[in-house]
Amino acid sequence: MDIKTYVLKRKQNLKERILKDGGTPSLVIIQVNDDFASNKYVAGKINDAREVGISAKLIKMPETTRLDELLKKIKKLNKDPHVNGIIVQLPLPKHIDENIVKEAINPAKDVDGFHPLSRFKACTPLGIINYLKDEGVEIRGKNVVIIGRSNIVGKPAAMLFLEEDGNVTVLHSKTSREDLKNYVANADIMVVAVGRKHFINDEHTLKNSAVLVDVGINRDEDGKLTGDIKPGRDVYLQTPVPGGVGLLTRLTLLENVLEAYLHGI
Ligand code: NAP
């Protein structure tokens, strides 16, 4: 099933579960800037939430906000029994240490799954795994190559594929071009999260049976979005950009909020 249809179906299911419950799960988003991309992402998250019956509130703070002011706000939300999920939109201003902020969020409300003790799995890798499993993609014993080792995608993705018994290899900027080509050529499943347009391209040989998951979001000068994998490869499955992993990430955030609401602190 293509990702758009899959996400629509799961959102419908979420909506029905929330309606049946009769209550209203609540999400609070803290944004500490007023930049174009963050405004767009946050508006998308708020619309998604409202569509399925989750109440979503935005707390917008100026770029000059001090760390202690932000932490005070988070502490208050941590204690508020009416708030089920809290997310702090990234990036944060340079003077604020992202790790301190991530760790300040109550792990039971950390629906982004960024806190080391979070009850939730990070949205992008979890969304990917759920989709592949629902599509019937076999992970056990398969060569899973993950390119990129960020804390929000590459590393948690490696853990999740390991939990599914994949043979996981994580590549990064210190991997030689030669090695990268060899690992890529043997990959049954490949997750690319590098942030470079068409990083995987015609130079790279792939298995015809490969499953390619493109996490990258790169913006061309004319505003067009492109992925990390050149489209149109002759493989079993290749996720598109846009309309691919981004939708899975957004869906998983909503599912995490419902989970936080149902299971409380
Ligand atoms: P990131 O923090 O930007 O890190 C990029 C990773 O790529 C690093 O681990 C880096 O290795 C690796 N890398 C850089 N050059 C490389 C090379 N030549 N060969 C192999 N690996 C290389 O990563 P991120 O936050 O995960 O984001 C990656 C991309 O995914 C971005 O385009 C981002 O916008 C997108 N993204 C999309 C979603 C979504 O929902 N679709 C969610 C999150 C992120 P080192 O560790 O060695 O530096």
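1. With respect to the domain arrangement of the protein
Each assigned domain of the protein is listed here: domain 1 (21–112) and domain 2 (123–246). Placing a centre on the C-alpha atoms of domain 1 and another on those of domain 2 gives a separation of 28 Å.

2. A word on the site of the ligand
Around the ligand, a shell composed of 21 residues is seen, among which R149, S150, H172, S173 and T249 lie nearest. A distance of 2.6 Å is found between an oxygen atom of the ligand and a side-chain nitrogen or oxygen belonging to S150. Here H172 contributes a backbone N or O atom positioned 3.4 Å from a nitrogen atom of the ligand. Relative to its free-state accessible area of 920 Å², the ligand is covered by the protein chains to the extent of 71%.

3. Thoughts on a positive patch on the surface
A cluster of basic residues, K57, K72, K73 and K76, forms a positive patch on the protein surface. For K72, the position within the fold is in helix α3 (residues 67–79).

4. Overview of the sheet that holds strand β10 (residues 237–238)
The five strands are arranged β5-β4-β6-β7-β10 in an open sheet whose pairing can be described as parallel. The two strands at the open ends of the sheet, each matched to only one other strand, are β5 (167–171) and β10. In terms of strand pairing, strand β4 (residues 143–147) meets β5 through five bridges, oriented parallel. Looking at the pairing, V145 lines up with T169 of β5. Sheet strands touched by helix α6 (residues 154–163): β4, β5 and β6 (189–192). Its angle to β4, the strand with the most contacts, is close to 170°.

5. Overview of the packing of aromatic side chains
In total, this model carries one aromatic pair according to the counting rule given. In this structure, K102 is placed above the aromatic ring of F114, and the distance from its NZ or CZ to the ring centre is 5.2 Å.

6. Considering helix α8 (residues 245–263)
In this model α8 runs 27 Å from its N-terminal to its C-terminal C-alpha over 19 residues, within 8% of the 27 Å that 1.5 Å per residue would give. Taken residue by residue, α8 has V245, L248, L251, T252, L253, L254, E255, N256, V257, L258 and A260 as its buried positions. Buried residues belonging to α8 abut α1 (3–21), β1 (26–31), α2 (36–52), β3 (85–88), α5 (123–134) and β7 (211–214). One or two residues past the end of α8 sits G264, with phi positive at roughly 50°.

7. Considering the sheet that holds strand β2 (residues 55–60)
Here we have three strands laid out as an open sheet, ordered β2-β1-β3, and parallel in their pairing. Both outer strands of the open sheet, β2 and β3, are each paired with one neighbouring strand and no more. Going from strand to strand, the sheet's axes swing by 20° on average, the running direction of each strand aside. Pairing of β1 with β2, which is carried by six bridges, proceeds in the parallel orientation. Directly across from S26, in β2, lies its bridge partner S55.

Each value, and the rule that gives it
Chains are numbered independently. Their residues run from 1 in the order of the written sequence. Local features are withheld for residues below a pLDDT of 70 in this predicted model, meaning they are given only at 70 or higher, and side-chain atom pairs are given and counted only at 80 or more; totals for whole chains, interfaces and linings count all residues. Where side-chain values are given, they derive from all heavy atoms of the structure, hydrogens and water being excluded. Throughout, the edges of the domains are those of an automatic or database domain assignment. Each residue is tested against the molecule or strand, and it is near if at least one of its non-hydrogen atoms lies within 4 Å. Distance and chemistry together define a polar contact, namely a pair of N or O atoms within 3.5 Å, with one atom able to donate a hydrogen and the other to accept it when in protein, and with adjacent residues in sequence counting only for side-chain atoms on both sides. Method for areas: the Shrake-Rupley scheme with a 1.4 Å probe, in which residue coverage is limited to the protein chains shown. Two distance rules govern patches: like charges are joined within 9 Å, and nonpolar side chains (Val, Leu, Ile, Met, Phe, Trp, Tyr) within 5 Å, applied only to residues with over 30% relative accessible area and no salt bridge. Definition used for salt bridges: Asp or Glu carboxyl oxygen within 4 Å of a side-chain nitrogen of Lys or Arg. Only four residue types enter the charge count: Lys and Arg as positive, Asp and Glu as negative, with His and the chain ends excluded. One atom stands in for each charge, and that atom is NZ of Lys, CZ of Arg, CG of Asp or CD of Glu. Counting from the N terminus, the helices are the DSSP runs of H or I reaching at least four residues and the strands are the DSSP runs of E reaching at least two. Note on pairing: two strands pair once DSSP finds at least 2 bridges between them. Here, two residues are considered to be in contact whenever any of their heavy atoms come within 4.5 Å of each other. Throughout, an axis means a line fitted to C-alpha atoms (over the contacting stretch in the case of helices), and angles, computed between N-to-C directions, take values from 0 to 180 degrees. Stacked, edge-to-face and tilted are the three classes for Phe, Tyr and Trp ring pairs, Trp counted by its six-membered ring, which pair at centre distances within 6.5 Å; planes under 30 degrees apart are stacked, over 60 edge-to-face, the rest tilted. In our convention, an over-ring charge means Lys NZ or Arg CZ found within 6 Å of a ring centre and within 35 degrees of that ring's normal. Expected helix span is given by 1.5 Å per residue-to-residue step, counting one fewer step than there are residues. Between buried and exposed lies partly exposed: a residue is buried under 20% and exposed over 50% of the maximum accessible area for its type, with that area taken using a 1.4 Å probe on protein chains only.

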